[in-house]
Amino acid sequence: MAALPTTTLPIATSTQTMQATITHVRRLIFDHFEAIGLEPEAIQRIADCIDIGTEGGNLLRGRTVIDTARVIRGHDLSPAEAEDVGKLGCLVELMNAAFVIWDDIMDGSTTRRGKPCWYRRESVGMRAVNDGCVLKASIYLILKSGFRNHPAYLNLVELFEDACLHTELGQHCDAVAATKSLEKLNWKQYEFITAKKTAYYSMYLPLAIPMLYLGLGTPERLKELYDISMKVGFIFQARDDFLDVYGDPKVTGKIGTDIQDHKCAWPVLTAMSLCDDKQKLILMENYGKDNPASVSKVKAIFDEINLPKAFKEWDAGRVAEMTLMIENATDSVVKDSMMCLLSKYFKDPR
Ligand code: FPP
Ligand code: MG
């Protein structure tokens, strides 16, 4: 694949920029909360929630917004525009922080980024549900205060709303699929779930934002971007699913729950297509049961059919397809933006 444009920021620089912008946006949110009469104690709690939700992660989505704007505009991005795209990147991080709070509750997870999940903290519990709502509502507060007079304001608001709805519907279908018996799960459902719950807000959104903000979001370009984003998100979620079973929690910062939660995920879908009848029976008896013995039986079947090897081959094939799709993109803005995203998101998971 061709080299990245020289306008892409080094990781350390884009991370620092993102962190500084989060601090700034956090201040703007609190100024507003103060102005409407929230007490310092109530504000501090939201501050903690934002900090925990954005610290220790790789800020992939926010950094992609910043870098994509630079890739599209080159060195012509003005300081005011650079500040704006930083803020917009920060809003994607706020959205991610809210989703992750809710997702960890729904999945019954224990750790995120190596620390207890927000809802698992003693002083938080189910109040985390409302904290997530406050983070999500803050996105629109910042859009209103900073972009209301910008020509792309309406497009940006609609894009954020679309991204939320897609993700929420993806999460809904993920939860519905978890109630179906294993023989009823299939790749079509999985592709739908990954497109909605992962690809839209993790790939399409961070790339579409700078395009719309810079007035370059033509329908044809956004359509091509969407199609490629779905393909990328599919592989990204499959990697997340593989690591849910085979990842080292010290590296991933989270302990997998997909087996206990009966998730429609890459490992079980692949296993159902590779197992013999006896192995399938063991999977059906034990998948979705929240006890260590059942989880071990499922993992033993995954090992018997050498799932890591199957994943390695599957992943290599899909990455090759995705690379070809990006190389063949008709629009150079889409191609360059996608390469910018890949350089951040795609490390070998195996
Ligand atoms: C992670 O999937 C999924 C998301 C981050 C999307 C979650 C979306 C919601 C919770 C929407 C809920 C909305 C409302 C309004 C309550 P995963 O569990 O496979 O990823 P993980 O391995 O990081 O946990
Ligand atoms: Mg989860």
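Our subject in this report is the structure included herewith. (Residues numbered from 1 in each chain as written. Chains lettered and ligands numbered in written order. Predicted model: local features only at pLDDT ≥ 70, side-chain atom pairs only at ≥ 80, totals over all residues. Heavy atoms only, no water.)

### With respect to the overall build of the chain
Looking only at helices and strands, the chain features 14 helices and two strands. Computed over C-alpha atoms, the radius of gyration of the chain comes to 21 Å, within 12% of the 20 Å expected from 2.2 N^0.38 for 350 residues, which places it in the range of a compact globule. Across its three principal axes, the chain shows a C-alpha extent of roughly 65 × 50 × 30 Å. For the chain, the proportion of its 350 residues judged to be buried stands at 52%. Within the chain, counting contacts between residues at least 6 apart in sequence, those at least 24 apart form 78% of the total. When the accessible area of the chain is evaluated, it comes to approximately 16,200 Å², of which 55% is carbon and sulfur surface. Side-chain charges in the chain split into 41 positive and 47 negative, and the spacing between the mean points of these groups amounts to 2 Å. (Helix = DSSP H or I, 4+ residues; strand = E, 2+ residues; numbered from the N terminus. Rg over C-alpha atoms; globule rule 2.2 N^0.38 Å. Buried < 20%, exposed > 50% of the residue type's maximum accessible area, 1.4 Å probe, protein only. Contact = heavy atoms within 4.5 Å. Areas by Shrake-Rupley, 256 points an atom, 1.4 Å probe, with all protein chains shown as cover. Lys, Arg positive; Asp, Glu negative; His and termini not counted. Charge placed at Lys NZ, Arg CZ, Asp CG, Glu CD.)

### Regarding the coordination of the magnesium ion (ligand 2)
Coordination of the magnesium ion (ligand 2) by the protein comes from D103 (OD) and D107 (OD), over a distance range of 2.0 to 2.1 Å. A residue pair is termed a helical-turn pair when its members lie 3 or 4 positions apart in one helix, as D103 and D107 do in helix 4 (residues 79–107) at four residues. Comparing D103 with D107, the two get one shared label, buried. (Donors = N, O, S within 2.8 Å, 3.2 Å for Na, K, Ca; no water.)

### Considering helix 2 (residues 40–54)
With 15 residues, helix 2 ought to run about 21 Å at 1.5 Å a step, and its terminal C-alpha atoms sit 21 Å apart, in line with that. Turning to helix 2, its buried residues are I43, R45, I46, A47, C49, I50, D51, G53 and T54. As for helix 2, its buried residues are in contact with helix 1 (11–35), helix 4 and helix 5 (127–147). Positive backbone phi, at 80°, marks G56, one or two positions downstream of helix 2. (Expected span 1.5 Å × (residues − 1).)

### A short note on the packing of helix 4 against helix 7 (residues 187–213)
For the pair helix 4 and helix 7, interaxial distance at closest approach is 11 Å and the crossing angle is 155°. As the angle between them shows, helix 4 and helix 7 are arranged roughly antiparallel. Helix 4 and helix 7 meet at a crossing whose hand is right-handed. The residues of helix 7 that touch helix 4, namely those facing A80, E81, D84, V85, L88, V92, M95, N96 and F99, are Y201, L205, I209 and Y213. (Axes fitted to C-alpha atoms, helices over the stretch in contact; angles between N-to-C directions. Parallel < 35°, antiparallel > 145°, perpendicular 65-115°, else oblique. Left-handed = near helix turned anticlockwise from the far one by under 90°.)

### A word on the site of ligand 1
Near ligand 1, the surroundings consist of 13 residues, among which D103, D107, R112, D240 and K254 are the closest. Contacts to ligand 1 include D107, whose side-chain N or O atom sits 2.8 Å from an oxygen atom. When ligand 1 is considered free in solution it has 630 Å² of accessible area, and contact with the protein chains removes 83% of it. Ranked by residues supplied to the shell around ligand 1, first place goes to helix 4 with four residues. When the residues that make up the shell around ligand 1 are grouped by side-chain class, the tally is three nonpolar, three polar and seven charged. (Near = heavy atom within 4 Å. Polar contact = N/O pair within 3.5 Å; in protein donor to acceptor, adjacent residues only side chain to side chain. Nonpolar A, V, L, I, M, F, W, Y, C, P; charged D, E, K, R; others polar.)

### Brief notes about the nonpolar core
In this structure, L88, L143 and F160 are the most contacted members of the largest nonpolar core, which totals 82 residues. Setting aside its immediate chain neighbours within four residues, F160 contacts L88, L91, V92, M95, I139, Y140, L143, L205 and I209. Among the nonpolar cores identified, the runner-up in size contains 28 residues, and L185, C275, Y287 and A310 belong to it. (Core = buried A, V, L, I, M, F, W, Y, C linked by side-chain atoms within 4.5 Å.)

### Quick word on the state of the cysteines
Enumeration according to the criterion identifies zero disulfides in this entry. Cysteine C49 shares no disulfide, and the gap to the nearest cysteine sulfur, in C133, comes to 11 Å. Note on C49: relative accessible area 3%, which makes it buried. Considering cysteine sulfurs only, C49 is the nearest to C90, which forms no disulfide, with 13 Å between them. (Disulfide = S-S within 2.5 Å.)

### Describing the environment of D162
Position of D162 relative to the elements: it lies in helix 6 (residues 153–177). Linking D162 and Y200, residues 38 residues apart in sequence, is a C-alpha distance of 8.8 Å.

### Description of the side chain of T194
Tracing the backbone shows T194 in helix 7. Here T194 falls in the buried class, since its relative accessible area comes to 1%. The contact partners of T194, leaving out residues within four places of it in the chain, are A199, G233, F234 and Q237.

### Some words on the side chain of S337
Mapped onto the elements of the fold, S337 is located in helix 14 (residues 332–345). Given a relative accessible area of 0%, S337 falls into the buried group. If sequence neighbours within four positions are ignored, S337 has contacts with T68, V71, I72, L207 and M211.

### A few points about the pattern of salt bridges
Scanning the model with the defined rule gives 18 salt bridges in all. Salt-bridge contacts for D31 lead to R27; the nearest nitrogen and oxygen are separated by 3.0 Å. Of this pair, D31 and R27 are both found in helix 1, four residues apart, which corresponds to roughly one turn of the helix. A residue is classified by how much of its surface remains accessible, and D31, at 36% relative accessible area, is partly exposed. Of the residues examined, R27 reaches a relative accessible area of 42% and is grouped as partly exposed. Note that R221 is salt-bridged to D331, the shortest N-O span being 2.7 Å. In this pair, R221 sits in helix 8 (residues 219–246) while D331 sits in the loop between helix 13 (307–327) and helix 14, placing the two residues 110 residues apart along the sequence. Assigned by exposure class, R221 and D331 land together as buried. Within this structure, D107, D174, K197 and K263 form a network of salt bridges that share partners. (Salt bridge = Lys/Arg side-chain N within 4 Å of Asp/Glu carboxyl O.)

Everything listed here is a matter of geometry and, on its own, says nothing about what the molecule does.
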